[in-house]
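Take a look at the letters that make up each chain.
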Amino acid sequence: MEDDRECLKIVEICRVAPFPSLCSPKFLPLTIFDIILLQCPSISRLYFYQNSITNNNNVLQKLKHSLSLILTHYLPLAGNLIWPQDSHKPIIQFLEGDTVSLTVAESSSDHDFHYLSGDGFRLQAKYCHLVPELPMVDNRVAVMALQLTFFPNKGFSIGITTHHGVVDGKTSTSFFKAWAHVCNNNLDITQPSSIPFYDRTTILNSTSHLEPTSLNKDLNLRFSFQTKPDWFRYTLELRSQDLQKLKKCFDECSSYKATVAYLLVCSAKMKSGLRDGKIYCTFPVDLRSRVHPPLPSNYFGNCIIGRLFSVERKEVLGENGMLVVAREISKEVQSLEEEGIGKAVEKRISQSKMSNEKEERYCMPGSPKFEVYSADFGWGKPIKVELISMDWMLRPLADSKNGDGGIEIGLVGERNELEMMVAVFSQGLQAL
């Protein structure tokens with residue numbers, strides 16, 4: 001394949017403002033859930049849309065117009081994360097005149113579209129030029145950036161990058177779907193249920209005592225995943241019928257829990273001959289319904305907490321390995337209910353300071369409930385959605401493109417590692 005930089009031409013960089021741009025100076029304070037994720041890499045997703053559109057300008061103008069409309073309800077996404085001199089923590093500021101950067105690019109490659117939107121082995125480096133970095137000037141870093149890339153006679157991709165210190169996966173995917181809904185239906189406003197809820201008084205009042213008072217002001221407010229040139233991507237899929245078979249191994253189990261349990265068992269089996277030691281796993285829990293009083297599902301910002309558990313490798317490799325993992329997940333969720341939000345935050349902060357260089361650790365971000373494949377701008381649903389910001393220990397979960405209730409799992413790593421994981425994954429399903 002041709003060099004990626006030579007195949008991609010930057011046509012223009014647009015600045016899209018909320019419409020109408022009449023907002024007065026405003027800001028949002030960060031909560032403890034934002035601060036915890038302040039130094040996490042930004043979230044980059046890439047959506048591929050297949051079509052034979054020849055008039056790229058019509059697509060661009062429609063996307064820009066609908067983006068301007070939806071930003072009226074998502075003003076912070078047009079703003080910046082800044083650190084005032086008199087504040088002990090950064091704030092989200094959005095002023096009149098703030099805009100979102102939309103990079104418009106064209107690919108000259110005829111075969112890249114199908115290669116990149118497939119499920120098989122694909123070079124990770126080929127995706128890096130399709131998602132934007134967050135613009136940063138002095139001590140101001142943008143909350144969101146977008147990139148539209150056209151592939152001649154094949155379709156286009158939309159890359160979205162959001163700052164993880166401002167929004168979680170639920171908020172960023174909710175925005176993207178709301179944008180698609182406005183664009184697809186030629187609406188001036190989105191559905192009322194999609195308009196974000198910004199009141200964070202509940203969280204601030206109950207957790208402000210947990211906020212650090214001496215954050216390092218030299219913190220890098222823009223942090224991205226670093227990829228390796230020899231890394232590949234691969235997409236695993238648990239179809240609806242696969243999940244039903246897996247769930248028969250349990251008395252009662254959700255599709256999410258069954259998926260995580262099966263992935264950990266497969267990951268343990270990759271290292272043949274190794275039975276000692278522990279495997280660590282982190283999974284996110286949405287706290288919107290768990291804080292008191294509960295927050296609506298359309299709360300804007302971070303409202304998740306990572307729950308970490310460990311299991312003995314020999315138990316995972318045993319006959320009841322999936323049951324062992326499923327029980328640990330249930331224990332973590334139950335203990336969260338018992339210990340309360342405050343203690344859960346303290347526990348998470350303490351765990352984040354632990355060294356994990358020698359540990360076998362995995363993380364299961366994302367959720368099938370995000371329904372990323374439902375984002376239809378008017379040219380059909382995406383044929384592929386990729387979480388670009390990831391490394392080997394991440395196993396991001398998403399709904400299946402087939403719409404059958406299945407789950408997709410993303411992998412990134414060296415090809416030989418991925419091949420082993422794919423083989424173990426497939427063999428395990430065949431044995432069910």
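Naming follows an unreviewed UniProt entry, where the protein chain appears as Malonyl-CoA:anthocyanidin 5-O-glucoside-6''-O-malonyltransferase of Cucumis melo.

Q: An account of the side chain of K257 is needed here, citing residue identities and associated values.
A: Examined against the element boundaries, K257 turns out to sit in helix α8 (residues 255–270). Despite being buried, K257 has no salt bridge partner; E252 is the closest side chain of opposite charge, sitting 8.0 Å away. The contact partners of K257, leaving out residues within four places of it in the chain, are A326, I329 and S330.

Q: Pulling in residues and values, what's your account of the pairing of strand β12 (residues 231–238)?
A: Counting buried positions along β12 gives seven out of eight residues, so the element sits mostly inside the fold. Note that strand β7 (residues 122–123) and β12 share two bridges and pair antiparallel. Directly across from L123, in β12, lies its bridge partner F232. Summarising the sheet, β12 and strand β18 (residues 407–414) pair through eight bridges and their orientation is antiparallel. Each residue of the ladder has a partner; that of L238, found in β18, is I407.

Q: Explain the sheet that holds strand β6 (residues 100–107) to me, using residue names and the numbers behind them.
A: With respect to topology, six strands assemble into an open sheet ordered β1-β6-β10-β11-β3-β16, the strand pairing being mixed. The sheet is open, and its two borders are formed by β1 (8–16) and β16 (384–387), each paired with just one other strand. Each neighbouring strand pair of the sheet contributes to a mean axis angle of 15°, computed without reference to strand direction. Summarising the sheet, strand β10 (residues 144–151) and strand β11 (residues 155–162) pair through eight bridges and their orientation is antiparallel. Bridge pairing in β11 places L146 opposite I160. Seen against the sheet, helix α3 (residues 56–71) touches β1, β6, β10 and β11 and runs at an angle of roughly 160° to β10. On top of the sheet, helix α5 (residues 169–185) reaches β3 (43–50), β10 and β11; it is set at about 30° to β3, its chief contact.

Q: An account of the packing of α8 against helix α11 (residues 415–430) is requested, with residue identities and associated values reported.
A: Remark: α8 packs on α11, axes separated minimally by 9 Å, with the N-to-C direction vectors making an angle of 125°. Overall, the two elements α8 and α11 adopt an arrangement that is oblique. The handedness of the crossing between α8 and α11 is right-handed. Contacts from Y262, L263, C266, S267, K269 and M270 in α8 reach E417, M420, M421, V424, F425, G428 and L429 in α11. Considering only residue class, the contact of α8 with α11 consists of nine nonpolar, two polar and two charged.

Q: Talk me through the packing of α3 against α5; I want residue IDs and the actual numbers.
A: A pair of packed helices is captured by two measures, namely the crossing angle of their axes and the spacing between those axes. Between α3 and α5, the shortest axis-to-axis distance is 9 Å and the interhelical angle comes to 120°. Here α5 runs oblique to α3, going by the angle between their axes. As for the relative orientation of α3 and α5, their crossing is right-handed in sense. Note on element contacts: α5 touches α3 through F175, A178, W179, V182 and C183, opposite K62, L63, S66, L67, L69, I70 and L71.

Q: Lay out the sheet that holds strand β9 (residues 140–142) with the relevant residues and their values.
A: One open sheet holds the five strands; their spatial order is β2-β5-β4-β9-β8, and the pairing between them is antiparallel. Each end of this open sheet is capped by a strand with a single partner; those strands are β2 (26–29) and β8 (136–137).

Q: Quick one: what's the story with the domain arrangement of the protein chain, residue by residue and with numbers?
A: Examined at the domain level, the protein chain breaks down into domain 1 (8–207) and domain 2 (232–373 + 391–431). On a C-alpha basis, the centres of domain 1 and domain 2 stand 27 Å from each other. With 39 residues of domain 1 in contact, the opposing surface of domain 2 contributes 34 residues. Carbon and sulfur atoms supply 63% of the area buried between domain 1 and domain 2, which totals about 3,200 Å² over both sides. Applying the counting criterion to the domain 1 and domain 2 interface returns three salt bridges. At the boundary of domain 1 and domain 2, one finds 18 residue pairs in polar contact (both at pLDDT 80 or more). At the level of secondary structure, the elements contributing two or more residues to the side of domain 1 that touches domain 2 comprise α2 (32–36), β3, β7, α5 and α6 (201–207). Per-element accounting of the side of domain 1 that touches domain 2 gives the leading share, five residues, to α5. Counted by class, the side of domain 1 that touches domain 2 contains 19 nonpolar, eleven polar and nine charged residues.

Q: Which residues make up the pattern of salt bridges, and what values do they have?
A: Where charged atoms from two side chains of opposite charge come close, those side chains can pair. Tallied over the entire structure, the rule returns 21 salt bridges. When the shortest N-O distance is used, the salt bridge between K271 and E360 registers 3.9 Å. Remark: E360 occurs in strand β15 (residues 360–363) and K271 occurs in the loop between α8 and β13 (278–286); sequence separation between them is 89 residues. When its relative accessible area of 10% is taken as the criterion, E360 is described as buried. When the shortest N-O distance is used, the salt bridge between K331 and E328 registers 3.5 Å. Of this pair, K331 and E328 both sit in helix α10 (residues 321–352), three residues apart, which is roughly one turn of the helix. Of the residues examined, E328 reaches a relative accessible area of 18% and is grouped as buried.

Calculation notes
- Within each chain, residues carry numbers counting from 1 in the order of the written sequence.
- Where totals are concerned, whole chains, interfaces and linings use all residues; where local detail is concerned, this predicted model gives features only for residues with pLDDT of at least 70, and gives and counts side-chain atom pairs only at 80 or more.
- Only hydrogens and water are removed before side-chain values are computed, so all heavy atoms of the structure are retained for them.
- Only DSSP runs of H or I covering at least 4 residues are called helices, and only runs of E covering at least 2 are called strands; the numbering of each starts at the N terminus.
- Relative accessible area decides the class of each residue, using a 1.4 Å probe on protein chains only: under 20% of the type maximum gives buried, over 50% gives exposed, and in between gives partly exposed.
- Positive charges come from Lys and Arg, negative ones from Asp and Glu, while His and the chain ends are left out of the count.
- Any Lys or Arg side-chain nitrogen located within 4 Å of an Asp or Glu carboxyl oxygen qualifies as a salt bridge.
- Residues count as neighbours in contact if any of their non-hydrogen atoms are within 4.5 Å of one another.
- Here, any two strands with at least 2 DSSP bridges between them count as paired.
- Simply put, an axis is a line fit to the C-alpha atoms, just over the touching stretch for a helix, and the angle between two N-to-C directions goes from 0 to 180 degrees.
- An angle below 35 degrees is read as roughly parallel, one above 145 as roughly antiparallel, one from 65 to 115 as roughly perpendicular, and any other as oblique.
- Less than a right angle of anticlockwise turn of the near helix away from the far helix marks a crossing as left-handed, whereas a clockwise turn marks it as right-handed.
- Gly counts as polar in this scheme, as do all residues outside two lists: the nonpolar Ala, Val, Leu, Ile, Met, Phe, Trp, Tyr, Cys and Pro, and the charged Asp, Glu, Lys and Arg.
- Each domain's extent is set by a domain assignment, obtained either automatically or from a database.
- Reported buried area values correspond to the accessible surface (1.4 Å probe) lost by two parts on association, with both partners' losses combined.
- Whenever a nitrogen or oxygen atom comes within 3.5 Å of another N or O atom, the pair is scored as a polar contact, on the condition that within protein one atom can donate a hydrogen and the other can accept it, and that pairs from neighbouring residues in sequence are kept only if both atoms are in side chains.

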